[in-house]
Amino acid sequence: METLLVAIGAGLAVGLPALATGWAQSKIGSAGAASLAEKPELTSTIIIMLAIPETMVILGFVVAILILR
Amino acid sequence: MIVEMCRVRIMGERDALPHVIESLQDIGLLHLATPPQSDALMTYKLDERQERHRRYLRRAIQEVDYCVEELHIGQTQPQAEYAKCTLSDLSRWACLARRVSREVGRLKSTTAELEEERALILKYRSFLSGFEAVLAGDIKWSTAAVYTVMLQGEGADPVGKVREGLETAIGDRFELRSRVLPSGGTALLLIAPASTATEVERVLAEARVEDIPVPVSFGAVSLAPAAPRMLGRLSEIPAELAKVAEDRAELTRRYGSELLRARACIHDRLDELEAQPLSGVTRRAFVVEGWLPVAQRAEFNERLGDACGEALMVSERSEEEWEDDEAPVVLHNPRVFRPFEAVGSLLPLPRYGTIDPTPYVALFFPLFFGIMLGDVGYGIVFAALSYGLMRRSRHGSTLRQIALVGIACAVLSTFFGVLFGEFFGDLGHRWFDMPVVLFDRAEALQSMLIIAIGIGYVHILLGLGLGVRVARHHRRQAIGRGAMAVCVGLVPVTLLSMLRVIPAGVFVPSWVALGISVGILITAEGLIGLIELLSALGNVLSYARLMAIGTASVMLATVANEMSTLVPVAFLGTLIAVLFHGVNFILGLFAPTIHALRLHYVEFFGKFYSSGGKPYRPFAHWGSSYQPTA
């Protein structure tokens, strides 16, 4: 039972931030694509913006590892 | 590093100004700046004759640029070398540009008309060829009218609705044929008695049909008489387009090199005229100011002296007389770091007086990339691709810089691949029992996490240290940034001593030092400093991505190898493995690049980078580029 709960906890630790990251990136990506059509010089800014929400899932992954250990 | 600049002032007799400006353009080192305003000094204004000449050249250069761009001359012929030109050259080139631009414009519009005609005929080709005989016979009928229209289908069976409408209006006295076009919509051919024209046109108007257009070259005729000739045009148009292309090539051959020379000389003359109003004048004297690299000050003085004699007075303005923000910026780094300027070039230039991050990027970018990819196989493939790109790119081009950065990243990836014992994931271990030198990334996640966070600490502390250096002229800001650096450094010491990883005796002193540092930080920067401290500590955790991306990469590679063993046919298994490794390799290039960039731009640069530098653009001959020297 404990193993099951640990596995579920680790899964949630990665899964929920992954959903949040995906949702944030969808918003940033669509807005970024629209901006790029008008201002191609914003490429680097948009790449950075797009990579920012990934911190959530990366930290979720780290937490999942700590749960599994 | 940012090249050290000095601001020089050149003074002389007013009559000598045009010659001095010409000499400055020949020397090509001075970035012109407006002299400070004063009651005695007026801004130089072009007289009426010069202004008229400037406008004339501006019109001429627009036509020359148009010709060069439209004929793609710059791409096919070498740039013109600088050569002196006379006034008669300038007017001859202006006439030439007018003549060639008119011809280029005519060829351009002919091409556009032919392309449009071809597209139109191709769109209706199935309709035209299907009903060619009927359309050709149109003119022989005296009691019938032919309608050729386009129906944009809305709802189910739009043609059926038109048919129903016609039956209601004129009974069965019509013939309706339709053809669905590949590009969408339906073309209709309707033949009805001429006496029913009013009813038919009402039905068609209600169905919102559009007339099928006829190409402009056929004049104002309806489709029926034009249709037979339109299909024949399809075979004629390519020959006409080829003739236009030949005419363009002939223009390029005849006038290409002359136009390039004209472009260089007219731009030069215009720059020279437009540079004069940047000087200040009195009734008898002029003042020109500008920036140049300190290392080239002696060379500049010597060349200006040779060109203009001793009548000029050249002096350097002291640093107290100008602000850092005014000075233009040019970067000059050792050869080995130079390709990494491309990484920083995605951001605006750093301000003068701050720090050029290129050397730090050159150190950490390949390191981060290598840790994340960390595979001998992928590293070798990446190195080969980067080497190929380097061979194909021009020396000094952005592509060459990217290729060199790629090679550095590939070398580090291979190095870390050896440390982690990875060759296309665990393939090295399976095939030739490749040893793990440091640890297995797939297993030792915690060790990898600790290393990633440790690297993050070093990187962030370096960034904070550089921030202190940038703020050295602003005491309060420098103290605040220094206190933050100490706090960030002390937090792990305090935590580790609390957890007894390091001697417990360190705990109290480090705790006290941390408290004092936080106090100084709040005093210097207020509560916002505390928030920034928490943000900096959060930034350190962000380096966990070095571990996360790497682990994801090695797991995917292992899955690729596993998948291949599950298939009984060896060839299929190999194919699957190659496919999976290909996908993983592409991901392995993109993800580490983006995340290494992000760690630099957000976490590292955020601590010290101050953008907003103006690029150094020396007043020089058109097309010449400045190469900084040490």
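Residues numbered from 1 in each chain as written. Chains lettered and ligands numbered in written order. Predicted model: local features only at pLDDT ≥ 70, side-chain atom pairs only at ≥ 80, totals over all residues. Heavy atoms only, no water.

Peer 1: How should the overall build of chain B be read in this particular structure?
Peer 2: The helix and strand inventory of chain B stands at 21 helices and 12 strands. Principal-axis analysis of the C-alpha atoms gives chain B an extent of 110 × 90 × 50 Å. Residue burial in chain B is summarised as follows: out of 630 residues, 45% are buried. About 32,300 Å² of surface is accessible on chain B, with carbon and sulfur atoms providing 60% of the total. (Helix = DSSP H or I, 4+ residues; strand = E, 2+ residues; numbered from the N terminus. Buried < 20%, exposed > 50% of the residue type's maximum accessible area, 1.4 Å probe, protein only. Areas by Shrake-Rupley, 256 points an atom, 1.4 Å probe, with all protein chains shown as cover.)

Peer 1: In this structure, what is going on with the overall build of chain A? I would like to understand it.
Peer 2: On a plain count of helices and strands, chain A comes out with 3 helices and 0 strands. Going from N to C terminus, chain A has its helices and strands arranged as α-α-α. For 69 residues, the compact-globule estimate of 2.2 N^0.38 gives 11 Å, and the C-alpha radius of gyration of chain A, at 16 Å, exceeds that figure by more than 25%. Along the three orthogonal principal directions, the C-alpha set of chain A runs to about 55 × 15 × 5 Å. Each of the 69 residues in chain A was classed as buried or not, and the buried ones make up 25%. The contacts of chain A with a sequence gap of at least 6 include a subset with a gap of at least 24, amounting to 76%. As presented, chain A carries roughly 4,300 Å² of accessible surface, and 75% of it is formed by carbon and sulfur atoms. (Rg over C-alpha atoms; globule rule 2.2 N^0.38 Å. Contact = heavy atoms within 4.5 Å.)

Peer 1: Looking at this model, I keep getting lost on the interface of chain B and chain A. Mind explaining?
Peer 2: One frequently used descriptor of interface size is the decrease in accessible area upon assembly of the parts. Taken together, the contact between chain B and chain A spans 17 residues of the former and 14 residues of the latter. Between chain B and chain A the total buried area reaches about 1,400 Å² when both faces are included, carbon and sulfur atoms providing 76% of it. Taken together, the connections running from chain B to chain A amount to 0 salt bridges. Counting across the chain B and chain A interface gives 5 residue pairs in polar contact (both at pLDDT 80 or more). Every element with two or more residues in the side of chain B that touches chain A is listed here: α16 (445–470), α19 (527–542), α20 (545–566) and α21 (570–604) of chain B. Among the elements that make up the side of chain B that touches chain A, the one with the highest residue count is α21(B) (5 residues). Across the side of chain B that touches chain A, the residue classes tally to 10 nonpolar, 4 polar and 3 charged. (Buried area = accessible area lost by both parts, 1.4 Å probe. Salt bridge = Lys/Arg side-chain N within 4 Å of Asp/Glu carboxyl O. Polar contact = N/O pair within 3.5 Å; in protein donor to acceptor, adjacent residues only side chain to side chain. Nonpolar A, V, L, I, M, F, W, Y, C, P; charged D, E, K, R; others polar.)

Peer 1: Whenever I open this one, the pattern of salt bridges confuses me. Can you help?
Peer 2: Between side chains of opposite charge, a pair can form as their charged atoms come close. All names here are of chain B. For the structure shown, the criterion picks out 28 salt bridges over all chains. Arg55 is the salt-bridge partner of Glu51, the closest N and O atoms lying 3.9 Å from each other. A residue pair is termed a helical-turn pair when its members lie 3 or 4 positions apart in one helix, as Glu51 and Arg55 do in helix α2 (residues 48–70) at 4 residues. The class for Arg55 is partly exposed, based on a relative accessible area of 43%. With a shortest N-O distance of 3.3 Å, Arg303 and Glu299 are connected by a salt bridge. Highlighted residues: Arg303 and Glu299, both in helix α10 (residues 297–308), separated by 4 residues, approximately one helical turn. A relative accessible area of 34% places Arg303 in the partly exposed class. Three or more residues joined by partner-sharing salt bridges are found here, namely Arg7, Arg9, Glu289, Arg317 and Glu326.

Peer 1: Is there a simple way to explain the layout of surface pockets in this structure?
Peer 2: A water-sized probe rolled over the atoms picks out the places where empty space is left. Residue and element names in this part refer to chain B. Reported here for the second largest pocket is a volume of approximately 740 Å³. The wall of the second largest pocket is formed by 28 residues, among which Asp324, Tyr352, Gly353, Thr354 and Arg472 lie closest to the centre. Those elements that provide at least two residues to the lining of the second largest pocket are α16 and α17 (475–498). When the residues that make up the lining of the second largest pocket are grouped by side-chain class, the tally is 10 nonpolar, 7 polar and 11 charged. (1 Å grid on protein atoms, 1.4 Å probe; cavity = no way out; pocket = protein on both sides within 12 Å on 5 of 7 lines; lining within 4 Å. Points joined across faces, edges and corners; volume = space filled by probe spheres on them.)

Peer 1: For this particular structure, what's the right way to read the nonpolar core?
Peer 2: One recurring pattern in soluble globular proteins is that nonpolar side chains are buried together. Formed by 86 residues in total, the largest nonpolar core has its most connected members in B:Ile10, B:Leu24, B:Leu30, B:Phe127, B:Leu259, B:Ile266 and B:Phe300. The next biggest cluster of nonpolar side chains, apart from the first, holds 66 residues, and it includes B:Phe382, B:Cys409, B:Ala444 and B:Val491. (Core = buried A, V, L, I, M, F, W, Y, C linked by side-chain atoms within 4.5 Å.)

Peer 1: Would you explain helix α13 (residues 376–392) of chain B in this entry?
Peer 2: One full turn of an α-helix is made of 3.6 residues, so residues set three or four places apart face in the same direction. Residues and elements named next belong to chain B. With 17 residues, α13 extends 24 Å between its outermost C-alpha atoms, agreeing within 8% with the 24 Å of an ideal straight helix rising 1.5 Å per residue. Every buried residue belonging to α13 is among Val376, Gly377, Tyr378, Gly379, Phe382, Ser386 and Met390, and all of these are buried. Its buried side turned inward, α13 meets α12 (358–373), α14 (398–420), α20 and α21. (Expected span 1.5 Å × (residues − 1).)

Peer 1: Hey, could you run me through the sheet that holds strand β6 (residues 186–193) of chain B in this one?
Peer 2: Strand pairing in a sheet relies on backbone hydrogen bonds, with the paired strands running either antiparallel or parallel. Residues and elements named next belong to chain B. Strand order across the open sheet formed by 4 strands is β5-β6-β4-β7, with antiparallel pairing between neighbours. Of all the strands in the sheet, the pair left with one neighbour each is β5 (175–180) and β7 (210–211). Contacts between helix α8 (residues 197–206) and the sheet are confined to β4 (144–151) and β6, with β4 contributing the most and set at about 5 degrees to the helix. (Pairing = 2+ DSSP bridges. Axes fitted to C-alpha atoms, helices over the stretch in contact; angles between N-to-C directions.)

Peer 1: Before we go on, may I ask you to explain the confidence of the model for chain B in this structure?
Peer 2: Of all residues in chain B, 94% attain a pLDDT of 70 or more, and the chain-wide mean is 85. This prediction of the complex comes with two scores: 0.75 for pTM and 0.74 for ipTM. (pLDDT = per-residue confidence, 0-100.)

Peer 1: What is the right way to look at the packing of α13(B) against α21(B) in this model?
Peer 2: A pair of packed helices is characterised by two quantities: the angle between their axes and the separation of those axes. All names here are of chain B. Close contact between α13 and α21 brings their axes to 11 Å; oriented N to C, the two are set at 70 degrees. Our classification of the angle between α13 and α21 gives roughly perpendicular. By crossing handedness, the relation of α13 to α21 is classed as right-handed. From α13, Tyr378, Val381, Phe382 and Leu385 reach across to α21, where they touch His581, Asn584, Phe585 and Leu589. Of the residues belonging to the contact of α13 with α21, the class tally is 6 nonpolar, 2 polar and no charged. (Parallel < 35°, antiparallel > 145°, perpendicular 65-115°, else oblique. Left-handed = near helix turned anticlockwise from the far one by under 90°.)

Peer 1: Would you mind showing me how to read the packing of α2(B) against helix α4 (residues 87–123) of chain B here?
Peer 2: Residues and elements named next belong to chain B. Remark: α2 packs on α4, axes separated minimally by 8 Å, with the N-to-C direction vectors making an angle of 45 degrees. Taken together, α2 and α4 sit at an angle that is classed as oblique. The two elements α2 and α4 meet at a crossing, and its hand is left-handed. When α2 is examined against α4, the residues His53, Tyr56, Leu57, Ala60, Glu63, Val64, Tyr66, Cys67 and Glu70 are found in contact with a partner set consisting of Leu87, Leu90, Ser91, Ala94, Ala97, Arg98, Val100, Ser101, Val104, Gly105 and Lys108. For the contact of α2 with α4, a count of residues per class yields 12 nonpolar, 4 polar and 4 charged.

Peer 1: Sorry, what's going on with the state of the cysteines here?
Peer 2: Between two cysteines, a covalent bond joining their sulfur atoms is known as a disulfide. Under the counting rule described, the total for this entry stands at 0 disulfides over all chains. B:Cys308 takes part in no disulfide bond, and the closest cysteine sulfur to it belongs to B:Cys6, at a distance of 17 Å. (Disulfide = S-S within 2.5 Å.)

Peer 1: Can you help me understand a positive patch on the surface in this one?
Peer 2: Residues and elements named next belong to chain B. On the surface, Arg59, Arg98, Arg99, Arg102 and Arg254 cluster together to form a positively charged patch. Examined against the element boundaries, Arg98 turns out to sit in helix α4. Of the residues examined, Arg98 reaches a relative accessible area of 36% and is grouped as partly exposed. (Patch = residues over 30% accessible without salt bridge, like charges linked within 9 Å, V, L, I, M, F, W, Y side chains within 5 Å. Lys, Arg positive; Asp, Glu negative; His and termini not counted. Charge placed at Lys NZ, Arg CZ, Asp CG, Glu CD.)

Peer 1: Can you walk me through the environment of B:Gly353 in this structure?
Peer 2: Residue and element names in this part refer to chain B. Among the secondary structure elements, Gly353 is positioned in the loop between α11 (341–344) and α12. Each C-alpha atom, one on Gly353 and one on Gly105, is 49 Å from the other, the two residues being 248 residues apart in sequence. Setting aside residues up to four positions removed in sequence, Gly353 forms contacts with Asp324 and Arg472.

Peer 1: How should I be thinking about empty space enclosed by the protein in this particular structure?
Peer 2: Residue and element names in this part refer to chain B. Considering all chains together, one arrives at 1 cavity of 30 Å³ or more under this definition. Of the pockets and cavities examined, the largest cavity occupies roughly 50 Å³. In terms of lining residues, the largest cavity is bounded by Thr34, Pro35, Pro36, Gln37, Leu41, Met42, Thr43, Pro277, Leu278, Ser279 and Gly280. Residues belonging to the lining of the largest cavity are distributed by class as follows: 6 nonpolar, 5 polar and no charged.

Peer 1: Looking at this structure, how should I read the packing of aromatic side chains?
Peer 2: The relative placement of two aromatic rings is captured by the distance of their centres and the angle of their planes. Residues and elements named next belong to chain B. If you walk through the whole model with that rule in mind, you get 18 aromatic pairs over all chains. Ring centres of Phe364 and Phe604 lie 6.4 Å apart, and the angle between their planes is 50 degrees; this geometry places the pair in the tilted category. Taken together, the residues span a long stretch of sequence, with Phe364 in helix α12 and Phe604 in helix α21 at a distance of 240 residues. The exposure classification of Phe364 matches that of Phe604, with both residues buried. Aromatic pair Tyr378 and Phe585: ring centres 5.9 Å apart, planes at 45 degrees, arrangement tilted. Taken together, the residues span a long stretch of sequence, with Tyr378 in helix α13 and Phe585 in helix α21 at a distance of 207 residues. The exposure class of Tyr378 is buried, given its relative accessible area of 1%. Within the aromatic cluster, the residues linked to one another by ring pairs are Tyr360, Phe364, Phe368, Tyr543, Tyr601, Phe604, Phe605, Phe608 and Tyr609. (Phe/Tyr/Trp six-rings, centres within 6.5 Å; stacked < 30°, edge-to-face > 60°.)

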